[in-house]
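Structure assessment
So you can see what is in the structure, the chains are spelled out below.
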Amino acid sequence: MLNTFSQSQFNSTQRVHGFTLIELMMTLAVAAILITIAIPSFRSMIISNNIITHTNEFVGTISYARSEAIRRGKSVTICKSSSGTACLTGGGTYWDSGWIAHIDLDSDGTVDANEVLRVWPKLPDTYTLRSSEFTDLLRYNPLGTANNSGSFAICHNSSEQGAKAIIITPMRPRLGEDSDNNQIPENDSGEINSCESP
């Protein structure tokens, strides 16, 4: 026997709850559009935060070297180093392989094991730290004065946009500004014109 339901058998106050297929498809379409818009923005935010982190780390290195030179009454040097035990010389403007802070206790011009104060690891592969003025080292004397003036640039994928500039003056480092809001930082000579040799 076949049961047939008549309209009167359904209680008019009961409603069936749920989503129709069309409502579900529209929700998924809106979600897909929002995700497509959000992902590039989220990626840019992560890159920007990483650049800021690496910039703060290097400014911290500079501040550490300066304060140690004053505290110890001896010059403290920051130099490029991939090993963490010796300075790299030559190789141009590239600092992204890591760096060390050291003191030359015996004044022999080389880094001995007991002279390394701190070691910083290499930057991730897509980030660069470069300086045209400080090709091998940055040194602070016991008065806290730098051996040179110049700048460093920290970039992602060699792009000047979104980069950060660290300006080294004889006394204290400072961050380069972006006075025209074009996302390219400025050093004392104007906008950095290259992430390879700022």
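Residues numbered from 1 in each chain as written. Predicted model: local features only at pLDDT ≥ 70, side-chain atom pairs only at ≥ 80, totals over all residues. Heavy atoms only, no water.

What follows is about the pattern of salt bridges. Scanning the model with the defined rule gives six salt bridges in all. Aspartate 96 serves as the salt-bridge partner of arginine 130, at 2.8 Å between the closest nitrogen and oxygen. Here aspartate 96 lies in the loop between strand S1 (76-80) and strand S2 (99-103) and arginine 130 lies in strand S4 (residues 127-130), a separation of 34 residues in the sequence. The same class applies to arginine 130 as to aspartate 96, namely buried. For aspartate 188, the salt bridge goes to arginine 174, with nearest N and O atoms at 2.5 Å. With aspartate 188 in the loop between strand S9 (186-187) and strand S10 (190-191) and arginine 174 in strand S8 (residues 173-175), the pair connects residues that are 14 residues apart, well separated along the chain. We classify aspartate 188 as exposed; its relative accessible area is 56%. Residue arginine 174 is classed as partly exposed on the basis of its relative accessible area of 39%. (Salt bridge = Lys/Arg side-chain N within 4 Å of Asp/Glu carboxyl O. Helix = DSSP H or I, 4+ residues; strand = E, 2+ residues; numbered from the N terminus. Buried < 20%, exposed > 50% of the residue type's maximum accessible area, 1.4 Å probe, protein only.)

A few words on the state of the cysteines. Under the criterion given, the structure shown has two disulfides. Bonded cysteines in the protein are paired 1-2, 3-4 when counted in the order they occur along the chain. (Disulfide = S-S within 2.5 Å.)

Moving on to the sheet that holds S4. With antiparallel pairing, the four strands of this open sheet are ordered in space as S4-S6-S7-S8. Unpaired on one side and paired on the other, S4 and S8 mark the two borders of the sheet. Taking the axes of each pair of neighbouring strands and ignoring which way they run, one obtains an average angle of 20 degrees across the sheet. Across three bridges, strand S7 (residues 159-168) lies against S8 in antiparallel orientation. Bridging from a neighbouring strand, isoleucine 168 pairs with proline 173 of S8. Against the sheet, helix H1 (residues 21-72) engages S4, strand S6 (150-156), S7 and S8, with an angle of about 15 degrees to S7. (Pairing = 2+ DSSP bridges. Axes fitted to C-alpha atoms, helices over the stretch in contact; angles between N-to-C directions. Contact = heavy atoms within 4.5 Å.)

Moving on, we get to the packing of aromatic side chains. Tallied over the entire structure, the rule returns seven aromatic pairs. Consider the rings of phenylalanine 58 and tryptophan 95, whose centres lie 6.0 Å apart with planes at 75 degrees: the pair is edge-to-face. Placement of the pair is phenylalanine 58 in helix H1 and tryptophan 95 in the loop between S1 and S2, with a sequence separation of 37 residues. Taken together, the ring pairs in this structure connect Phe58, Tyr64, Trp95, Trp99, Trp120, Phe134 and Phe152 into an aromatic cluster. Lying over the aromatic face of tyrosine 64, arginine 118 brings its terminal NZ or CZ to 5.0 Å of the ring centre. (Phe/Tyr/Trp six-rings, centres within 6.5 Å; stacked < 30°, edge-to-face > 60°. Lys NZ or Arg CZ within 6 Å of the ring centre and 35° of its normal.)

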